[in-house]
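Below, each chain spelled out in residue letters.
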Amino acid sequence: MAQTTPNHTQTVSGWAAHDPSGKITPYTFKRRENGINDVTIKILYCGICHTDIHHVKNDWGITMYPVVPGHEITGLITKVGGNVTNFKVGDRVGVGCLAATCLECEFCKESQENYCDQVQFTYNGIFWDGSITYGGYSKMLVADHRYVVHIPENLPMDAAAPLLCAGITVYCPLKDNNLLDLPGKRIGVIGLGGLGHVAVKFGKAFGHHVTVISTSPSKEKEARDRLGADDFIVSTDAAQMKAGKRSLDFILDTVSAYHSLGPYLELLKVNGTLAIVGAPDKPMDLPSFPLIFGKRAVKGSMTGNMKETQEMMDMCGKYNIMCDIETVMPEEINEALDRLAKNDVKYRFVIDIANQKPSSL
Ligand code: NAP
Ligand code: ZN
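This section reports on the structure supplied with the text. Predicted, not measured: the structure shown is a model, and the values here were computed from it.

1. A look at the pattern of salt bridges
Side-chain pairing between opposite charges can occur once the charged atoms of the two side chains come close. Evaluation of the coordinates by the stated rule reveals 18 salt bridges. Across the salt bridge formed by aspartate 281 and lysine 282, the nearest N and O atoms sit 3.8 Å from each other. The partly exposed category is assigned to aspartate 281, whose relative accessible area is 39%. Note on lysine 282: relative accessible area 52%, which makes it exposed. Each of Lys175, Glu308 and Glu311 takes part in one network of salt bridges that share partners.

2. Concerning the coordination of the zinc ion (ligand 2)
Only Cys49 (SG), His71 (NE2) and Cys165 (SG) from the protein reach the zinc ion (ligand 2) as donors, at distances of 2.0 to 2.2 Å. All donors of the zinc ion (ligand 2) belong to a single chain; written as a sequence motif, their spacing is C-x21-H-x93-C. Linking cysteine 49 in the loop between strand E3 (38–48) and helix H1 (50–56) with histidine 71 in the loop between H1 and strand E4 (73–80), this pair joins segments that are 22 residues apart in sequence. With respect to class, cysteine 49 is no different from histidine 71; both count as buried.

3. Looking at the side chain of asparagine 124
Here asparagine 124 lies in the loop between strand E7 (120–121) and strand E8 (140–144). A distance of 3.0 Å separates the side chain of asparagine 124 from the backbone oxygen of isoleucine 62, its partner in a polar contact. Polar side-chain contacts of asparagine 124 include one of 2.7 Å to the backbone nitrogen of methionine 64. For asparagine 124, the residues in contact, after removing those within four places along its chain, are His55, Ile62, Thr63, Met64, Val67 and Thr133.

4. Here's the deal with the site of ligand 1
Around ligand 1, a shell composed of 30 residues is seen, among which Ser214, Thr215, Ser216, Lys219 and Arg348 lie nearest. In this structure, leucine 192 approaches ligand 1 through a main-chain N or O atom, which is 2.8 Å from an oxygen atom. A distance of 2.8 Å is found between an oxygen atom of ligand 1 and a backbone nitrogen or oxygen belonging to glycine 194. Alone, ligand 1 offers 920 Å² of accessible surface; in the complex the protein occludes 89% of this. Looking at the shell around ligand 1, the elements with two or more residues in it are H1 and helix H5 (194–205). Considering each element in turn, the shell around ligand 1 owes the most residues, 3 residues, to H1. Of the residues contributing to the shell around ligand 1, the split by class is 12 nonpolar, 16 polar and 2 charged.

5. Re the nonpolar core
Formed by 50 residues in total, the largest nonpolar core has its most connected members in Leu163, Tyr171, Val200, Phe202, Met312, Met313 and Cys316. At 6 residues, the largest contribution of residues to this core is made by helix H4 (residues 166–176). Once residues lying within four places of it in the same chain are set aside, the contact partners of leucine 163 are Leu155, Ile168, Val198, Phe202, Met312, Met313, Cys316, Ile321 and Cys323. If you look at the next biggest cluster of nonpolar residues, it comprises 40 residues, including Phe29, Ile77, Phe87 and Tyr134.

Cut-off values and rules
Residues numbered from 1 in each chain as written. Chains lettered and ligands numbered in written order. Predicted model: local features only at pLDDT ≥ 70, side-chain atom pairs only at ≥ 80, totals over all residues. Heavy atoms only, no water. Salt bridge = Lys/Arg side-chain N within 4 Å of Asp/Glu carboxyl O. Buried < 20%, exposed > 50% of the residue type's maximum accessible area, 1.4 Å probe, protein only. Donors = N, O, S within 2.8 Å, 3.2 Å for Na, K, Ca; no water. Helix = DSSP H or I, 4+ residues; strand = E, 2+ residues; numbered from the N terminus. Polar contact = N/O pair within 3.5 Å; in protein donor to acceptor, adjacent residues only side chain to side chain. Contact = heavy atoms within 4.5 Å. Near = heavy atom within 4 Å. Areas by Shrake-Rupley, 256 points an atom, 1.4 Å probe, with all protein chains shown as cover. Nonpolar A, V, L, I, M, F, W, Y, C, P; charged D, E, K, R; others polar. Core = buried A, V, L, I, M, F, W, Y, C linked by side-chain atoms within 4.5 Å.

What follows is the structure in structure tokens.
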């Protein structure tokens, strides 16, 4: 489709999956010319989010093949459009999940454009010109400047990349539940993966007691020693789950696969909230008893708006918070996706798109 869209004249090398086998192969495609509201970005790094697996395997049944995944993008500006005043050539920038929103609805007007009904994503979206959006597993991106953020000078471009999705996705529910301003709460993070490990870092930075709730006993030592978690509950251990009953004010659920929410809800105090950001393909089991006996709430959260994304990025710059990453070369993407599917990564793969090895400030 993109090949026939007018103004899509720029040839770009990237990597795409072509069917639900999810196998990634080199793929050459077209991007639009740099419009007046656009910036062109030479991509340096792109994180591998579990959402990329959901898309390449068509877990959610919405994939438009070929799909060029990637929404944790960092790079350098090479061109700016006539209307763009806040970026210049050479700027260090990042692009996350959002590619376009209507700019007119109540959510767009109130800086909550991530909840715009017409939101289009960085990949597997349909842009206003009818083209399918292609993501950051590619050498170059043309992005509307309204969905681009500055990366603080002190953050390495590789370890900052996952902040564009994993970071903002866990920052928002913490902010939304007043956990940025009110320290000293007891919070739980279910799933110590890409999203989860950033949530632990943010939870500690905001002054909370953080409990990791994990299926992987092997992650306990590192969770405590390296990430600073205060407590660790193995969710498959009934005794540990029982001991943790009614101990937490807030839980963030980052799990990518089907699970029942019932046992986790029991960990919440009365009036506690469980916020879901993980997106399993099948509906989760939500029993009513732990909800009603504890007056508990379950809610969701979808990435973040651009104002919050810049705010989070600046905060990470100020406190030197970055992601724990393993860098891979583009020809290693399939291996990385396989390992991510098997829960074998600490804690985010980042593709070295521009062959910058090891890391570039
Ligand atoms: P990830 O790195 O694979 O982490 C997910 C973690 O979930 C794993 O590390 C594992 O942690 C735990 N887990 C896996 N299978 C499990 C199971 N069957 N039962 C319980 N726990 C299990 O994935 P991610 O990149 O952080 O993404 C997580 C989810 O968030 C994905 O579904 C993704 O699509 C979604 N997501 C949503 C948004 C949003 O806007 N809401 C944004 C980004 C991503 P332990 O080993 O500690 O158990
Ligand atoms: Zn993501």
